[in-house]
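# Structure at a glance
What follows is the residue order along each chain.
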Amino acid sequence: VPYFARSSSLNAWEASESFEFWFSLPGGGTMAHGDAYCELTISLQLRGRKRWRLMMMPVGEDEGTLLDTRDGQLYEGGIWAPEYDTVVGPGEAIVFPPSYLHETFVSPTDNPDGQCTVATTFQMTAPAPARFLRAFLPRLAMSNLQHEERCVSGRWA
């Protein structure tokens, strides 16, 4: 568990339960998608460099317009329009709130040694993104966060 999560027993538990490791060779990465986590996500790059592109969940009109946020589905219909584009290197992290759609790419130019890149991703519960939730609750209620994870009517209620 990272040192900054240990001061909160809630975060220590959440981080220890949600650790994932990601290994990518140059030319690899993930297609644009949305995770169904009710908590903020931290991705810490351990080796190599990885490009991240992110965007906020678009506004949905009703249940019939729910986005398919599975890997690669956001490219259809011109929905994918990243707002942020950054490269994360060893020892650096990217933090993003629930509902942020994202893709990653490991560029051979950024990783000329051709070695496998390594990152770890985990979630943190506290502090809750209260202002973010208040500002975007109607949008979040019409997203995969509510329909897959019941974040709005359960975790955040």
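In this text the structure is predicted, and so the values were computed from the model without any measurement. Starting afresh in each chain, residues are numbered from 1 along the sequence in its written order. Residues qualify for local features only when their pLDDT is at least 70, as the model is predicted, and side-chain atom pairs are given and counted only at 80 or more; totals for whole chains, interfaces and linings, by contrast, use all residues. With hydrogens and water stripped out, all remaining heavy atoms of the structure feed into the side-chain values.

Let us now look at the overall build of the protein chain. Helical segments are the DSSP runs of H or I of at least four residues, strand segments are the runs of E of at least two, and each set is numbered from the N terminus. Of the regular secondary structure elements, the protein chain holds 5 helices and 8 strands. Going residue by residue from the N terminus, the α and β elements of the protein chain occur as α-α-β-β-β-β-β-β-β-β-α-α-α. Counting only residues that meet the buried cut, the protein chain has 39% of its 157 residues in that class. Only heavy atoms enter the contact rule, under which two residues are in contact if any of them lie within 4.5 Å. A separation of at least 24 residues holds for 85% of the contacts in the protein chain among residues at least 6 apart in sequence. Only the protein chains shown count as cover for residues, and the accessible areas themselves come from Shrake-Rupley with a 1.4 Å probe. As displayed, the protein chain has an accessible area near 8,500 Å², and 54% of this comes from carbon and sulfur atoms. Exposure categories follow from relative accessible area, calculated using a 1.4 Å probe and restricted to protein chains: below 20% of the type maximum is buried, above 50% is exposed, and the middle band is partly exposed.

The next point concerns the environment of Y75. Looking at the secondary structure, you find Y75 in the loop between strand 4 (50–55) and strand 5 (84–88). The partly exposed category is assigned to Y75, whose relative accessible area is 35%. On a C-alpha basis, the gap between Y75 and H33 in space is 9.4 Å, while along the polypeptide they are 42 residues apart. Apart from the residues lying within four places of it in its own chain, the contact partners of Y75 are M31, A32, W80 and E103. For this analysis, a polar contact is any N or O atom pair within 3.5 Å, provided that within protein one partner can donate a hydrogen and the other can accept it, and provided that sequence-adjacent residues contribute only side-chain to side-chain pairs. In this structure the side chain of Y75 is engaged in a polar contact, spanning 2.9 Å, whose partner is the backbone nitrogen of A32.

Bridge count for strand 4 against strand 5 is 5 bridges, and the pairing is antiparallel. When the sheet's bridge partners are listed, W52 is paired in strand 5 with T86. Between any two strands, at least two bridges found by DSSP are needed for them to pair. Bridge analysis of strand 4 against strand 7 (residues 101–105) gives 5 bridges, and the strand direction is antiparallel. Looking across to strand 7, one finds that R53 is bridged to E103.

Quick look at the side chain of T120 now. Within the secondary structure, T120 sits in strand 8 (residues 117–124). When sequence neighbours within four positions are dropped, the list of residues in contact with T120 reads F19, E20, F21, I42, S43, L44 and L46.

Worth remembering: the numbers are spatial, not functional.
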